[in-house]
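The primary structure of each chain is shown beneath.
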Amino acid sequence: MRDASGYTGHADREFSPATPHELAALLAEAHDACTPVTIAGSATGVTGGCCPHGGWLIHTRQFNQLVVERGRALAGAAVTLRDLNEAAARTGQFYAPDPTEWTASVGGSIATNASGSRSFRYGATRRHILSLDAAFADGTLRRFRRGEAIDFNVPAIALPATTKNTAGYPLAPGMDWIDLIAGSEGTLAVVVEAELQLLPTPPVIAAAVLFFDDDAAALDAVDACRPEPSLRMLEYLDRNSLGLLGEAAGAALIVESTSEEWLHALDLAGLRDDSWVAQSPADRERFRAFRHSLPERVNEIVRRNGFQKLGSDFAVPLEQNRAMTAHYHATLTREFPGQYVLFGHIGDAHLHANILPETQEQDALGRELMLTLARHAVALGGTVSAEHGLGKRKANLLPIQYPAAVIDAMRAVKLRLDPHGILGRGTLFV
Ligand SMILES: Cc1cc2nc3c(=O)[nH]c(=O)nc-3n(C[C@H](O)[C@H](O)[C@H](O)COP(=O)(O)OP(=O)(O)OC[C@H]3O[C@@H](n4cnc5c(N)ncnc54)[C@H](O)[C@@H]3O)c2cc1C
């Protein structure tokens, strides 16, 4: 098993249960034998969470039932976000979380609390779950409705002041089951099916790729655009990212708005005349494909060079956006000139820095640098993982964000629900 980061794992046995009861029976057997169990969705994750180190690998692929109704969809864990969105679109609706990788599964995106390009407007996956069918480590099947509080004491922990965070469990007294299971990366329960909120498709979606001569102008534009209520996507690509995609500019912003008037009236200092404005839905999809091709290209280059993805997923409080962006550029230009890209969800002060190492020495240096950058993000009040989760590759970042007592509290919740520690072993906790 290999995920999109190039991380690999091996299972002793693999299963694809056809019903929740088959899944429950497998879990009960593994629980009794203390056999580790890893859950795999579409394997588009980038932190190694679906890659087992021995034990059993359970694929959710047979949980693919999908029913779309007004305001909601009932989706099995294996339903892809593409199938969900296409079915929703046929009814004039859409599913708001957009982790841009549309082959990702509903179960995997819930398990990582995925977010992506639209989260600064609509929030992450967690917010869009109305009810959840889950299987626990001992094979117990349960359905949770939104607002159903956890029936044991959960301590309060200090969470980062970011708009998104998926590092560890967001423990809070009185929290509900859905908020606990979403983002738990397959370490607490298996997502079997979810009832997801659908929103009406806006009558108009205007889109543009705005090119700027330099970063400063692009960052000014971010501050100018972010308060606009019609804005639903605000993505950033730096000079190196654009270079990798064959475009030359200092920086670019990709925007989607539900107001054509607003987009056409944009008057931003440093905005270049050769910016692209969508004339049709096909253009809009082209812009999204252009944006999505960047992480795909990065993952492909890194894997081709024989390495695993070397990328950050840190977010900082919005007021620290400029400081973090400047820090990324200064540090990476010094250490990896021309060998990195910086891009992503700037509406949430959440950029992905990706280093493209060519030698073992560079890879080792890059890994050290990522730890330093993680500490910097946390010092600014940020999170070590905004949307990808920590999986196995990044489990070492959790202690950068949280003191040992908080991690112990998370472990206590894990052991309460999975006393033999069989689910997602090696993920989240080193
Ligand atoms: C090119 C590219 C771009 C991406 N861009 C984004 C982005 O913008 N935003 C973003 O959030 N993510 C992004 N991702 C990451 C990835 O798409 C998400 O993490 C996605 O949610 C993973 O879904 P999956 O089905 O592939 O899960 P997998 O990779 O199969 O698994 C991910 C984790 O979830 C667990 N899991 C899977 N299914 C279940 C289940 N049913 N129950 C319990 N646990 C389960 C696994 O054990 C593992 O820990 C990107 C990935 C790629 C390749």
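Conventions used here
- Residues numbered from 1 in each chain as written.
- Predicted model: local features only at pLDDT ≥ 70, side-chain atom pairs only at ≥ 80, totals over all residues.
- Heavy atoms only, no water.
- Axes fitted to C-alpha atoms, helices over the stretch in contact; angles between N-to-C directions.
- Helix = DSSP H or I, 4+ residues; strand = E, 2+ residues; numbered from the N terminus.
- Parallel < 35°, antiparallel > 145°, perpendicular 65-115°, else oblique.
- Left-handed = near helix turned anticlockwise from the far one by under 90°.
- Contact = heavy atoms within 4.5 Å.
- Pairing = 2+ DSSP bridges.

Colleague: Hey, could you go over the packing of helix α10 (residues 321-335) against helix α11 (residues 360-379) for me, with residue numbers and the actual values?
Modeller: The N-to-C vectors of α10 and α11 enclose an angle of 160°; their axes lie 11 Å apart at closest approach. Here α10 lies roughly antiparallel to α11, going by the angle between them. Once α10 is placed against α11, the crossing between them reads as right-handed. Residues M324, H327, Y328, T331, L332 and E335 of α10 touch α11, and the partners they reach there are L365, L369, L373, H376 and A377.

Colleague: Kindly report on the sheet that holds strand β3 (residues 56-59), identifying the contributing residues and their values.
Modeller: Across the sheet, three strands lie side by side as β1-β3-β2; this open sheet has parallel pairing. In this open sheet, the two edge strands, each paired with only one partner strand, are β1 (13-15) and β2 (37-40). When the angles between neighbouring strand axes are averaged without regard to direction, this sheet yields 25°. Taken together, the four bridges between β2 and β3 define a ladder with parallel strand orientation. Each residue of the ladder has a partner; that of I39, found in β3, is I58. Against the sheet, helix α1 (residues 20-33) makes contact with β1, β2 and β3, and its axis sits at roughly 165° relative to β3, the strand it touches most.

Colleague: I'd love a proper account of the sheet that holds strand β8 (residues 141-145), names of residues and values included.
Modeller: Spatial ordering of the open sheet is given by β4-β5-β9-β7-β8, a layout of five strands whose pairing is antiparallel. One side of each edge strand has no neighbouring strand; the edge strands of this open sheet are β4 (66-69) and β8. Ignoring strand direction, the axes of neighbouring strands in this sheet form an average angle of 15°. Bridge count between strand β5 (residues 72-76) and strand β9 (residues 189-197): five bridges; the pairing is antiparallel. Looking at β9, one finds that A73 is bridged to L196. Strand contacts of α1: β7 (129-136), β8 and β9, with the helix running at about 150° to β9, the strand carrying the most contacts.

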